[in-house]
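For reference, the chains in residue letters:
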Amino acid sequence: MKKEIKVAIIDLYNNEKNEGMRCLKEIVSEANNPGAPKVSLDVFETRYKGDVPDMGYDIFISSGGPGSPFEGEGSKWERDYFQVLDDVWNHNQSSQEGKKYIFFICHSFQMMNRFFQTAEVTKRHKRSFGIIPFEKTPAGDNDPLMKDLTNPFYAADFRLFQVINPDHKRINEIGAEILSYELKSEVGDHQPALMAMRISNEIAGTQFHPEADPKSMLYHFKQDERKQQVIDNYNESKYYEMLEWLEHPDKIKLTRKTVLPVFLKSAIDELTFVYSD
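Predicted model only: the values in this text are computed from it and were never measured. Numbering of residues starts from 1 in each chain and follows the order in which that chain's sequence is written. Totals for whole chains, interfaces and linings use every residue, but because this is a predicted model, local features are given only for residues with pLDDT of at least 70 and side-chain atom pairs only at 80 or more, for both listing and counting. By convention in this description, side-chain values take in all heavy atoms of the structure and omit both hydrogens and water.

## Re the sheet that holds strand S6 (residues 153-164)
Backbone-to-backbone hydrogen bonds pair the strands of a sheet. The strands run either parallel or antiparallel. Rules: Should DSSP find at least two bridges between two strands, the strands are regarded as paired. Only DSSP runs of H or I with at least four residues qualify as helices, and only runs of E with at least two residues qualify as strands; both kinds are numbered from the N terminus onward. Axis definition: a line fitted to C-alpha atoms, limited for helices to the stretch in contact. Angles are taken between N-to-C directions and run from 0 to 180 degrees. The contact criterion used throughout is that any non-hydrogen atoms of two residues lie within 4.5 Å.
The strand order across the open sheet formed by 9 strands is S2-S1-S3-S4-S9-S8-S7-S5-S6, and the pairing between neighbours is mixed. Either end of the sheet is taken by a strand with one partner, and the two such strands are strand S2 (38-45) and S6. On average, each strand axis in the sheet is tilted by 25° relative to the strand beside it, whichever way the strands run. Two strands pair when backbone bridges link them, and strand S8 (residues 194-198) and strand S9 (residues 203-206) are joined in this way by 3 bridges, in the antiparallel orientation. Of the residues in S9, the one forming a bridge with Ala196 is Thr206. Helix-sheet contacts for helix H8 (residues 214-221) involve strand S5 (120-136) and S6, and the interaxial angle to S5 is about 125°.

Here it is, written out as structure tokens:
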């Protein structure tokens, strides 16, 4: 049996104060189970310090982050980041076992779609912030990452950019599937954005923050600016409704304990099987 499963978090927060990294570290820590290989973790501050993991890692988690997904276009850190994605993709195409796994979140989800050229990445009509309902596609309803979520399901969403206009020819070409969209009722006359996609068995991502927990959301909701954003986008009663949703077992608590933990468990189980005697 493989003695250790090495996880790398690719930190794209660019040294901005956040709750996402705490949540991700907790989820990786929870993936350690008696009788299974030890799960170790290293963090690489890719946008801030230019550090990137090598291919010695088994699982990669690429975080959210502030600002535009085009901000680093052409920079060394972005070239190095895309090289990691290219190396993972090519490794998985040529290797029948011992594959590499990678999960993309929010900012990274936008970067993922830029890299794979699966959809258009553009500025959103207005900033999204809060706990938002999203709908699963039929593929999402059957995907291990999302099948146990309600439909619609609820997740934390913070973004000024979006992924729209999926290139279905390209998506079919690489064998990807769209798992979730924004609800039409939430975006009015605007095109619903893609909210989750599976590129392959080993590669997936979400535009929303599956790692968010009630503690992290309270951190945001208690900031005057964030509270005002919700009130401006919706109204004051919606703000207090979102606060109530924090403790609802079928809302972000369900998303937090389902999406990323399932991805990690599946990757760890498959890696353990491959390397077992």
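## Considering the packing of helix H9 (residues 224-233) against helix H10 (residues 236-245)
Worth spelling out the cut-off: Working rule for angles: under 35 degrees goes down as roughly parallel, over 145 as roughly antiparallel, 65 to 115 as roughly perpendicular, anything else as oblique. Two helices cross in a left-handed way if the nearer one is turned anticlockwise from the farther one by less than a right angle. They cross in a right-handed way if the turn is clockwise. Amino acids are sorted into nonpolar (Ala, Val, Leu, Ile, Met, Phe, Trp, Tyr, Cys and Pro), charged (Asp, Glu, Lys and Arg) and polar (every other residue, Gly among them).
Look at H9 against H10: their axes get within 7 Å of each other, and the N-to-C directions meet at 120°. Relative to H10, H9 is oriented oblique. H9 and H10 meet at a crossing whose hand is right-handed. Residues Lys227, Val230 and Ile231 of H9 form the contact with H10, whose participating residues are Glu236, Tyr239, Tyr240 and Met242. Its residues assigned to classes, the contact of H9 with H10 comprises 5 nonpolar, no polar and 2 charged.

## Concerning the pattern of salt bridges
As a reminder of what qualifies: By definition here, a salt bridge exists when the distance from a side-chain nitrogen of Lys or Arg to a carboxyl oxygen of Asp or Glu is within 4 Å. The buried label applies to any residue whose accessible area, calculated with a 1.4 Å probe on protein chains only, is under 20% of its type's maximum; exposed applies above 50%, and partly exposed to all values in between.
Applying the stated criterion to the full structure yields 18 salt bridges. Lys49 is the salt-bridge partner of Glu45, the closest N and O atoms lying 3.5 Å from each other. Taking relative accessible area as the criterion, Lys49 reaches 51% and is therefore assigned exposed. Between Asp269 and Lys265 there is a salt bridge, with the nearest N and O atoms lying 2.7 Å from each other. Remark: Lys265 and Asp269 occur in helix H11 (residues 252-274); sequence separation between them is 4 residues, near one turn of the helix.

## A look at the environment of Arg47
Rule in force here: Two N or O atoms form a polar contact when they lie within 3.5 Å of each other; inside protein one atom must be a possible hydrogen donor and the other a possible acceptor, and for residues adjacent in sequence the pair counts only when both atoms belong to side chains.
Mapped onto the elements of the fold, Arg47 is located in helix H2 (residues 46-49). Once the C-alpha coordinates of Arg47 and Leu12 are considered, the two residues, 35 residues apart in sequence, prove to be 5.3 Å apart. If we ignore the near neighbours within four places in the chain, the residues touching Arg47 are Asp11, Leu12, Asn14, Gly65, Pro66, Glu71, Trp77 and His107. Polar contacts involving the side chain of Arg47 include one to the main-chain carbonyl oxygen of Pro66, which spans 2.9 Å.

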